[in-house]
Amino acid sequence: MCGIIGYIGSKEAYNILLQGLKRLEYRGYDSAGIGITDSKTGKIVLNKAVGRVEKLKGKEIKGTIGLGHTRWATHGKPTLENAHPHLDCSGKIAIVHNGIIENYLELKDRLKKKHTFSSETDSEVIAHLISENYKGDLRKAVMESINDLYGTYALCIIHQDKKEIVVARNGSPIVIGLGEKENLVASDVSALVEHTKRVIYLDDLEMAVLKQDSVEIFDKDGKKIEKNIVTIDWDLTQAEKAGFKHFMVKEIHEQPDIIRNTLNLEMPKIKNDFKRIFIVACGTAWHAGLVGKYILEKHARIPVTVDVASEFRYMDPIIGKGDLFIAISQSGETADTLAALRLAKKKGAKTLGIINVMNSTIARECDDVIYTRAGIEIGVASTKAYISQLIVLYMLAESLSGKEINGLKDLAAKALKTVDLKVKAQEIAKKYFRVYNFLFIGRNINYPTALEGALKLKEISYIHAEGYSAGEMKHGPIALVTDQVPTVAIAPKDSVYSKMVSNMQEIKARNGRIIAIATEGDKDIARYADDIIYIPKTEEILTPVLAVIPLQLLAYSIADMRDCDVDKPRNLAKSVTVE
Ligand code: F6R
């Protein structure tokens, strides 16, 4: 949700901010803006665009202090007026904001007697509020102002008369990059790595003042504090496409290596004395959690409940001491997952994070954390992070049960063969890319695979797709089946194979077309399927890893054929830091 970048130093800021915004664009991409204190006039000049960051290229503003923002609209449409930075009425103060100010209407009502508003955003109130409190000390004005804010924010502020950037955080991530005679601030480290690897993560209610030669951090009472400097081990090549057309397809191809890397990680020692496990997550990470339930219950025989975080946080869950709460999140910043984690902690559960982004808020707040080894995931649709979450869940089941899962070590090699199915996926995509609806069905441990296949397709190709447990089809969704509504059936040779075949026959009997994901060597399936993608044979418990890869490839190929913006699907953002 929204990307923020700030620069103060001796270099021209514009192209540094622009490059940073490009790296952050996956966080939000409906409009963008840059504000710089013009070195000639000493006034803040803004440059905004509706649409992509690219549109800001070549419109340089000269100056060495500035802020940039890429927006994912919450309050108000993507227009120039609503794009950040926002100015106060004097034009001397500029702010960029990520988060939601819940009491903005109340504040706006109070402020509009003296201040003229030019946008529909919640964020603009912050600029006017700071201007109201400004008496020569920007940090103090910001501190006073945030006392009046109810909601979440990562905030960066400049004043035309000050050689500093003031930063504040509550609930939305922000990280400071320490350079040589320059300092930066950004929503995540991807925008900082080409300038520095030394960073400081701000925690909630902390503030920072960045100058060219110094960074000072303050706690909620305004007291100066020391914070750890973290060295990040990211490689910039991870943020490049390396010859692939899109990040998504590059990331799908990285999966065999990611399986290998994740299997090499060291598991924290987790004592198996839990009554129950609760897994909470959102979207694709929730699907990983659903697979996790089958894995942990089958292999470790511990009862597992899985909920989406946005529901869990409001359901007054019966959780407490003796329970293990697992938060799964790629970004480690998802607002609902974070709120669910805080609730579980408050109720006394032990907490474990399965997280991809190091030092993210959820990772820092969990009692234990297992970092997935997916590397930076840039495509908005999650692929490799999902695979690495599944691998961690297998390892966790091994660790909790003390028993090995057969076949896990061979999985990377099999995934490599599965990634090669791209051509087959393209062939099938060519037949179906114009349809309006798709169904995905699976059973048992591959029921969540059906949900994930449907989610991948709908989010990047905008084709309506529904994932169903195959046994539920005749309770309603089979009414949708026609020769214009293809069904993807995940039907590896496993304990529910014959049940899947019956469900496929029911669809065929109603003129439905079927694309089957089947096990190599299964010739019989050709009797029930119009198209088949064969995956290597593996243990039943491991099939979700191999079965999801052709679904990712199919969704990718269809979306690409429909000329969709695969890496930045409409209305979505990579890191969902608002509720
Ligand atoms: C779908 C997708 C989302 C995320 C969800 C949770 O492809 O990427 O559904 O899985 O927003 O995000 P994290 O894992 O960052 O908590």
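For the structure itself, consult the block above.
None of the values given here were measured: they were computed from a predicted structure.

Draft legend 1. Representation of the packing of helix α2 (residues 104–111) against helix α3 (residues 124–133) in the model. Relative orientation of the contacting elements α2 and α3 amounts to 50°, with a least axis distance of 10 Å. Relative to α3, the element α2 is oriented oblique. When you trace α2 past α3, the crossing you get is left-handed. In this structure, α2 uses Tyr104, Leu107, Lys108, Arg110 and Leu111 to contact α3, whose residues at the interface are Val125, His128, Leu129 and Glu132. In the contact of α2 with α3, the residues fall into five nonpolar, one polar and three charged.

Draft legend 2. Molecular detail of the site of the ligand. Close to the ligand lie 15 residues, the nearest being Ser329, Gln330, Ser331, Thr334 and Glu459. A distance of 2.6 Å separates an oxygen atom of the ligand from a polar atom in the side chain of Ser329. Within the backbone of Gln330, an N or O atom sits 2.6 Å from an oxygen atom of the ligand. Protein burial of the ligand: of its 410 Å² of free accessible surface, 89% is covered by the chains. Elements that contribute at least two residues to the shell around the ligand include exactly α7 (283–300) and α14 (447–461). Both domains that furnish three or more residues to the shell around the ligand are identified here as domain 2 (240–405) and domain 3 (419–564).

Draft legend 3. Just the pattern of salt bridges, in detail. For the structure on display, the rule yields 38 salt bridges. Residue Glu60 pairs with Lys62 through a salt bridge whose shortest N-O separation is 3.7 Å. Residue class for Glu60 comes out partly exposed when judged on its relative accessible area of 39%. One salt bridge in this structure joins Asp148 and Arg110, with 3.2 Å as the shortest N-O distance. In this pair, Asp148 sits in the loop between α4 (138–146) and β7 (153–159) while Arg110 sits in helix α2, placing the two residues 38 residues apart along the sequence. With relative accessibility at 30%, the residue Asp148 sits in the partly exposed group. Through salt bridges that share partners, Arg169, Asp204, Arg342 and Glu365 make up one connected network.

Draft legend 4. Geometry of the packing of helix α12 (residues 411–419) against helix α16 (residues 543–561). Direction vectors running N to C along α12 and α16 enclose 25°, while the axes themselves pass 9 Å from each other. Relative to α16, α12 is oriented roughly parallel. Crossing geometry of α12 relative to α16 is assigned as right-handed. Across from Leu411, Lys414, Ala415, Thr418 and Val419 in α12, the residues of α16 making contact are Val545, Leu546, Ile549, Pro550 and Leu553. In the contact of α12 with α16, the residues fall into eight nonpolar, one polar and one charged.

Draft legend 5. Quick peek at the nonpolar core. With 84 residues, the main nonpolar core has Tyr394 and Phe438 as its most contacted residues. In terms of residue count, α16 provides more of this core than any other element does, twelve residues in total. Shared between two domains, this core takes at least three residues from each, and those domains are domain 2 (240–405) and domain 3 (419–564). Not counting chain neighbours up to four residues away, the residues in contact with Tyr394 comprise Ile295, Ile405, Leu408, Ile541, Leu542, Pro544 and Val545. If you look at the next biggest cluster of nonpolar residues, it comprises 34 residues, including Tyr7, Ile36, Ile61 and Val199.

Draft legend 6. Looking closely at the sheet that holds strand β21 (residues 437–442). Read across the sheet, five strands follow the order β22-β21-β23-β24-β25 without closing on themselves; strand pairing throughout is parallel. Of all strands in the sheet, those with a lone pairing partner are β22 (464–469) and β25 (531–535), marking the two edges. Strand-to-strand, the axes of this sheet are offset by a mean angle of 20°, without reference to chain direction. Strand direction decides the pairing type here: strand β23 (residues 487–491) and strand β24 (residues 514–519), joined by five bridges, are parallel.

Draft legend 7. Structural detail: the sheet that holds strand β8 (residues 165–170). Within the open sheet, the seven strands sit side by side as β5-β6-β7-β8-β12-β13-β14. Their pairing is antiparallel. The sheet is open, and its two edges are formed by β5 (86–87) and β14 (224–225), each paired on a single side. Pairing geometry for strand β12 (residues 207–210) and strand β13 (residues 215–218), over four bridges, is antiparallel. Counted as the bridge partner of Ala208 is Ile217 from β13. Along the sheet, α3 contacts β5, β6 (93–98) and β7; its crossing angle with β6, the most-contacted strand, is approximately 140°. Relative to β7, α4 is tilted by about 145°, and along the sheet it contacts β7, β8, β12 and β13.

Draft legend 8. Representation of the packing of aromatic side chains within the structure. Tallied over the entire structure, the rule returns four aromatic pairs. Here the aromatic rings of Phe312 and Phe325 are separated by 5.6 Å at their centres, their planes lie at 50°, and the arrangement is tilted. With Phe312 in helix α8 (residues 309–312) and Phe325 in strand β18 (residues 323–329), this residue pair connects regions lying 13 residues apart in the sequence. No difference in accessibility class separates Phe312 from Phe325, as the two residues are buried. Consider the rings of Tyr432 and Phe438, whose centres lie 6.2 Å apart with planes at 65°: the pair is edge-to-face. Exposure class is identical for Tyr432 and Phe438. Each is buried. Taken together, the ring pairs in this structure connect Phe278, Phe312 and Phe325 into an aromatic cluster. The ring of Phe218 carries the charged tip of Arg139 above its face, separated from the ring centre by 3.8 Å. Over the aromatic face of Tyr462 sits the side chain of Arg570, whose NZ or CZ is 3.9 Å from the ring centroid.

Draft legend 9. Representation of the pairing of β22 within the structure. Side chains of β22 alternate between two faces, with Ala465, Gly467 and Ser469 buried and His464, Glu466 and Tyr468 left unburied. Relative to β22, β21 runs parallel, the two being bridged by six bridges. By the bridge assignment for β22, Ile441 is matched with Tyr468. Regarding the hand of the β-α-β motif, the stretch spanning β21, α14 and β22 is right-handed.

Draft legend 10. Highlighting the environment of Lys458. The residue Lys458 is located in helix α14 in this model. Owing to a relative accessible area of 37%, Lys458 belongs among the partly exposed residues under this scheme. Residues Lys458 and Asn437, 21 residues apart in the sequence, show an inter-C-alpha distance of 9.3 Å. Setting aside anything within four residues of it in sequence, one finds Lys458 in contact with Ile463 and Ala465.

So, how was this worked out
Residues numbered from 1 in each chain as written. Predicted model: local features only at pLDDT ≥ 70, side-chain atom pairs only at ≥ 80, totals over all residues. Heavy atoms only, no water. Axes fitted to C-alpha atoms, helices over the stretch in contact; angles between N-to-C directions. Helix = DSSP H or I, 4+ residues; strand = E, 2+ residues; numbered from the N terminus. Parallel < 35°, antiparallel > 145°, perpendicular 65-115°, else oblique. Left-handed = near helix turned anticlockwise from the far one by under 90°. Contact = heavy atoms within 4.5 Å. Nonpolar A, V, L, I, M, F, W, Y, C, P; charged D, E, K, R; others polar. Near = heavy atom within 4 Å. Polar contact = N/O pair within 3.5 Å; in protein donor to acceptor, adjacent residues only side chain to side chain. Areas by Shrake-Rupley, 256 points an atom, 1.4 Å probe, with all protein chains shown as cover. Domains from an automatic or database assignment. Salt bridge = Lys/Arg side-chain N within 4 Å of Asp/Glu carboxyl O. Buried < 20%, exposed > 50% of the residue type's maximum accessible area, 1.4 Å probe, protein only. Core = buried A, V, L, I, M, F, W, Y, C linked by side-chain atoms within 4.5 Å. Pairing = 2+ DSSP bridges. Phe/Tyr/Trp six-rings, centres within 6.5 Å; stacked < 30°, edge-to-face > 60°. Lys NZ or Arg CZ within 6 Å of the ring centre and 35° of its normal. Right-handed = clockwise from strand over helix to strand, strands pointing away.

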